[in-house]
Amino acid sequence: MKKILALALALMMLLGIAAVVHAEDVEITYMASQDWVQDAEIALADKFTEKTGITVDFQIIPADQYTTVLMTKLQTGEDLDLFGSQAGKSDIVTQLNVEKNAVDLSGEAWAATVDPLAAAETSVNGKLYGQPAQDVSSVWAVAYNKKVFEKLNLSVPTNYEEFKAVCEAIKADGMTPVYEAVADGWHHQLWFCEMGVAIEHAEPGTAEKLNNNTMKFADSAAAKQLVEQIKEMADLGYWGDNYMANEYNDAAKAIAEGECAMTVANQGFPADLNAQYPDFPAEDIGFFVMPLLDNQVLNMNPVGPTRFIYSGSANIDAAKQYLAFLAEPENIQYQIEKVSKFNTLPFTTAKDAYSPEISAFYAAYPEHGTVYQTSVNYVNPQWMEIGKELVAVLQGDQSADDMLKNIDRNRADQATAAKDPAWN
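Since this is a predicted model, take the numbers as computed values, not measurements.

A. Geometry of the overall build of the chain. For the chain, the helix and strand inventory stands at 20 helices and 13 strands. Whereas a compact globule of 424 residues would reach a radius of gyration of roughly 22 Å, the chain reaches 24 Å, a difference of no more than 12%. Evaluated residue by residue, the chain yields a buried proportion of 54% over its 424 residues. Contacts in the chain between residues at least 24 apart in sequence constitute 76% of all its contacts with a sequence separation of at least 6. Within the structure as shown, the chain displays about 18,800 Å² of accessible surface, and the carbon and sulfur contribution to it stands at 51%. Charged side chains in the chain number 28 positive and 60 negative. The centres of these two groups are separated by 5 Å.

B. Layout of the side chain of N380. Relative to the helices and strands, N380 resides in the loop between helix 18 (372-375) and helix 19 (383-394). Under the relative-accessibility criterion, N380 is labelled buried at 16%. Look past the residues within four positions of N380 in its chain and what remains in contact with it is Q86, D91 and Q373.

C. Up close: the sheet that holds strand 7 (residues 141-145). Strands sit in the order 8-9-7-10 across an open sheet of four strands; the sheet is mixed. With one partner strand each, in any of the chains shown, strand 8 (176-179) and strand 10 (285-288) form the two edges of the open sheet. When strand polarity is set aside, the average angle formed by the axes of neighbouring strands in this sheet is 25°. Bridge count between strand 7 and strand 10: four bridges; the pairing is antiparallel. Paired with V142 across the two strands is F288, which belongs to strand 10. Contacting strand 8, strand 9 (260-265) and strand 10, helix 8 (residues 160-172) runs over the sheet at an angle of about 115° to strand 8.

D. Up close: the confidence of the model for the chain. Counting all residues, the mean pLDDT for the chain is 93, and 94% of those residues have values of 70 or more. Long-range and interchain partners of residues 5-23, a stretch whose pLDDT sits below 50, account for three contacts in this model, where long-range means more than four residues apart.

E. Summary view of the pairing of strand 2 (residues 55-61). Note: strand 1 (residues 27-33) against strand 2, seven bridges, orientation parallel. Paired with T29 across the two strands is D57, which belongs to strand 2. Once the chain exits strand 1 it traverses helix 2 (residues 39-52) before rejoining the sheet at strand 2, and the crossover so formed is right-handed.

F. Up close: the domain arrangement of the chain. Split into domains, the chain comes out as domain 1 (2-133 + 304-352) and domain 2 (141-300 + 378-417). Each of domain 1 and domain 2 has a C-alpha centre, and these two points are 33 Å apart. Listed per partner, the contact involves 10 residues of domain 1 and 12 residues of domain 2. Buried area between domain 1 and domain 2, both sides added, is near 920 Å², and the carbon and sulfur share of it is 52%. Area buried by domain 1 at its contact with domain 2 is led by D91, Q95 and S340, which between them contribute 39% of it. Where domain 1 packs against domain 2, one counts zero salt bridges. Counting every contact that joins domain 1 to domain 2 gives one residue pair in polar contact (both at pLDDT 80 or more). Mapped by element, the contributors of at least two residues to the side of domain 1 that touches domain 2 are helix 3 (63-76) and helix 4 (91-94).

G. Region of interest: the environment of P381. Of note, P381 is situated in the loop between helix 18 and helix 19. Judged by relative accessible area, P381 falls into the partly exposed class, the value being 24%. The contacts of P381, once residues within four sequence positions are left out, are D91, Q95 and Q414.

H. Region of interest: the packing of aromatic side chains. For the coordinates displayed, the defined rule picks out 21 aromatic pairs. With a centroid separation of 5.5 Å and an interplanar angle of 45°, the aromatic rings of Y144 and F288 are classed as tilted. In this pair, Y144 is assigned in strand 7 and F288 in strand 10, connecting sequence segments 144 residues apart. Ring centres of F217 and Y372 lie 6.2 Å apart, and the angle between their planes is 65°; on these two criteria the pair is classed as edge-to-face. Of the two residues, F217 is situated in the loop between helix 11 (206-211) and helix 12 (221-235) and Y372 in helix 18; the sequence distance between them amounts to 155 residues. For the pair formed by F217 and Y372, the shared burial category is buried. Members of the aromatic cluster, each reached through a chain of ring pairs, are Y144, F149, F163, W191, W239, Y243 and F288.

I. Geometry of the pattern of salt bridges. Enumeration over the complete set of coordinates arrives at 10 salt bridges. Linking E328 and K51 is a salt bridge whose minimum nitrogen-to-oxygen distance equals 3.4 Å. Linking E328 in the loop between helix 15 (316-326) and helix 16 (329-338) with K51 in helix 2, this pair joins segments that are 277 residues apart in sequence.

J. Highlighting the nonpolar core. In terms of nonpolar packing, the biggest core is built from 82 residues, with W191, F192, F217, I230, W239, M262 and F269 touching the most fellow members. With near-sequence residues (within four places) excluded, F269 lies in contact with A143, Y248, A251, A252, I255, T263, I285 and F287. Core analysis: the next-biggest nonpolar cluster, separate from the first, contains 53 residues, V56, L105, V114 and A350 among them.

K. Representation of the environment of A271 in the model. Tracing the backbone through its elements, the reader meets A271 in helix 14 (residues 269-276). Here the alpha-carbon distance between A271 and E337, two residues 66 residues apart in the chain, equals 11 Å. Sequence-distant contacts of A271, defined by excluding residues within four places in its chain, comprise A282 and S340.

Conventions and cut-offs
- Residues numbered from 1 in each chain as written.
- Predicted model: local features only at pLDDT ≥ 70, side-chain atom pairs only at ≥ 80, totals over all residues.
- Heavy atoms only, no water.
- Helix = DSSP H or I, 4+ residues; strand = E, 2+ residues; numbered from the N terminus.
- Rg over C-alpha atoms; globule rule 2.2 N^0.38 Å.
- Buried < 20%, exposed > 50% of the residue type's maximum accessible area, 1.4 Å probe, protein only.
- Contact = heavy atoms within 4.5 Å.
- Areas by Shrake-Rupley, 256 points an atom, 1.4 Å probe, with all protein chains shown as cover.
- Lys, Arg positive; Asp, Glu negative; His and termini not counted.
- Charge placed at Lys NZ, Arg CZ, Asp CG, Glu CD.
- Pairing = 2+ DSSP bridges.
- Axes fitted to C-alpha atoms, helices over the stretch in contact; angles between N-to-C directions.
- pLDDT = per-residue confidence, 0-100.
- Right-handed = clockwise from strand over helix to strand, strands pointing away.
- Domains from an automatic or database assignment.
- Buried area = accessible area lost by both parts, 1.4 Å probe.
- Salt bridge = Lys/Arg side-chain N within 4 Å of Asp/Glu carboxyl O.
- Polar contact = N/O pair within 3.5 Å; in protein donor to acceptor, adjacent residues only side chain to side chain.
- Phe/Tyr/Trp six-rings, centres within 6.5 Å; stacked < 30°, edge-to-face > 60°.
- Core = buried A, V, L, I, M, F, W, Y, C linked by side-chain atoms within 4.5 Å.

Structural data, given as structure tokens:
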């Protein structure tokens, strides 16, 4: 009997050693676009490796190349375990085909803790396919230097003409009014897509008509005026002389060093700026909604970068362990504490970190609307293309009408490929 027990114990030890070796041999790849994986997540991934022996290989792709690379990877299945993508209940079907390409995560213990609005945008037919990766409570708004406004006796603008007057006063004082960054390819089109809430306010029902294919962007007088106002901002010098070459990573520097007075940012910007420039207090940054089309509606988006497990992965169990680790309450809170642009994360277990200034900003705009990249089908997938179209407008190579017609054409092509019945 003792010999049998000894043999059993030896076998168990061998199996344990084998299990450790196996875990240490497992590496999961996570492909994401730039700025989707934060330093805090990389630090958590190291802790995950210490705990499980499973390593995480982050493959970060430039934003302007990401969609093409992702589609190729999904078709070939080459070296892919986890992938990032913007969510959206329409896009994850028409673009990602998650029922085929992603793993059903509904049975995971953390799935029930995902915020209901975020869960709805990552689910198909009642099954959850993605895990939110970023704060979706923040909105893209105009961040402004309060000290500059105080110095020039300026008030927060409530319409486009007031905004132009603010920009003229700042420009006359020798500063560039707005830091805009076109070089990255993803930022400048925020002025268009986020302001879908203003189009909807001016022309109620537009989003539904666009989705039903009973109306086109080119039919919208508000959409045309929006594009023309964006061009006017640039033509009047409100974006300065170098906006085509500017990169968004330099926005904090431009504000802190007094080169510019405003930029479009989310509510993590003040803390991020203060982290880079400790002498610049975070509370010296205020926010107001982008006032094009006289907008006073808060532009909400319950969708953000989301983690998916590739259905063809050879390491599905290891990838599930990683997502479960990230969703542990203490690890959610770690990201909120360490990532300046995260005020919270879309999990019911998260505790927010809103400052009084940010809370006051949200309270100032009681009317909310959903941005068009989420509420209108086939807009978000052409995000980078919309950026190129807008550049052509800014450079005078095409009109606002041309841009809107091209967006309509691209939407029709995507809808047809998706066999959308509204386009039959």
